[in-house]
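Examining the three-dimensional arrangement
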Amino acid sequence: MRLIQRVTRRLRREIGFVRRRLTNPPLPRRPDGPLLVHIGCGEIDSPDFVNVDAQPYPHVHHIRDDITDLSMFADASVDLVYMCHVLEHVHRKEIFGVLGEFRRVLKPGGVLRIAVPDFDLLIAMYEDIGRDPDGIIAPLLGSHANAYDIHYWVFTERSLTSILLKAGFSVVRKWNPHQCDHHAFEDWASRRIERDGKQFPVSLNLEAVR
């Protein structure tokens, strides 16, 4: 049964990829509403967002091999940039250039909302499961399932806050995926890893204000 489900899901995805190559999804209607951008949206389709991803899912508005290239957006035009478990995929030498691009498109007072694997939480999980590295290897290093799923960074609240402030953001604060606007979907910002009957949170969720 699981094999059939996997094959069916893969087939639906491939059909969706073909459909996206033939048609462009409509942009969100926002007569006076905020411009929200979801970078690395993957399979998540939130109708409030303009979606940017490397994979041609049917709801992706801008297909980019480099999903951190936001040249399609004007300076100071975006209210919220959201990315969940994406920043760790950015090469270390490129991090400030990428954050500078996000800051460029944000309006004054606009928000960069980020979720990344939390190294402190992963260490706590590692200790709790008997120091078994296999339990944390995927959130720590990426699954390596494809060329995009490789991690180049580890972050703690202290280290990521310092990076964001150095990149020119004025305020850095935590955010709660269950208590914030424009987050009516489930992703790694709130998911947990189950191991030996226990649930472990793995995500560090920070917002940075331009």
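These remarks concern the structure in this document. (Residues numbered from 1 in each chain as written. Predicted model: local features only at pLDDT ≥ 70, side-chain atom pairs only at ≥ 80, totals over all residues. Heavy atoms only, no water.)

1. Observations regarding the overall build of the chain
Cut-off, in case you're wondering: Here a strand is any run of E in DSSP of at least two residues, a helix any run of H or I of at least four, and the numbering for each starts at the N terminus. Here's how the labels work: a residue is buried when its accessible area is under 20% of the maximum for its type, exposed when over 50%, partly exposed in between, all with a 1.4 Å probe on protein chains only. The criterion used for residue contact is that any of the two residues' heavy atoms lie within 4.5 Å. Values of accessible area rely on a 1.4 Å probe in the Shrake-Rupley scheme; residue burial ignores everything except the protein chains shown.
From N to C terminus, the chain includes five helices and nine strands. Written out in order from the N terminus, the α and β elements of the chain read α-β-β-β-β-α-β-α-α-α-β-β-β-β. Counting every position in the chain, which comprises 210 residues, the buried fraction comes to 45%. Intrachain contacts of the chain at a sequence separation of at least 6 include 68% that bridge at least 24 residues. For the chain, the exposed surface amounts to about 11900 Å²; the carbon and sulfur share of it is 52%.

2. Side note on the sheet that holds strand E1 (residues 36-39)
To be explicit about the condition: Strand pairing is assigned whenever DSSP identifies at least 2 bridges connecting the two strands. With axes taken as lines fitted to C-alpha atoms, and helix axes fitted only over the stretch in contact, angles between N-to-C directions fall between 0 and 180 degrees.
Taken together, seven strands build an open sheet; the order of strands is E3-E2-E1-E4-E5-E9-E6 and the sheet is mixed. The open sheet terminates on both sides in strands that have one partner only, identified here as strand E3 (62-63) and strand E6 (171-174). One ladder, built from four bridges, connects E6 with strand E9 (residues 203-209); its direction is antiparallel. Opposite Val172, over in E9, you have Ala208 as the bridge partner. In this fold helix H5 (residues 157-166) packs onto strand E5 (106-117), E6 and E9, with an angle of close to 25° to the strand it touches most, E9.

3. With respect to the pairing of E5
Stated formally: Note on handedness: a crossover is taken as right-handed if, strands pointing away from the viewer, the path from the first strand over the helix to the second is clockwise.
The element E5 is largely enclosed, with a buried count of nine among its twelve residues. Of the pairings in the sheet, the one linking strand E4 (residues 78-84) to E5 comprises six bridges and is parallel in character. The residue of E5 that forms the bridge with Leu80 is Val111. With helix H2 (residues 95-105) bridging E4 and its parallel neighbour E5, the resulting β-α-β unit is right-handed. Of the strand pairs in this sheet, E5 and E9 are connected by seven bridges, and their pairing is antiparallel. Note on E9: the bridge partner recorded for Val116 is Leu204.

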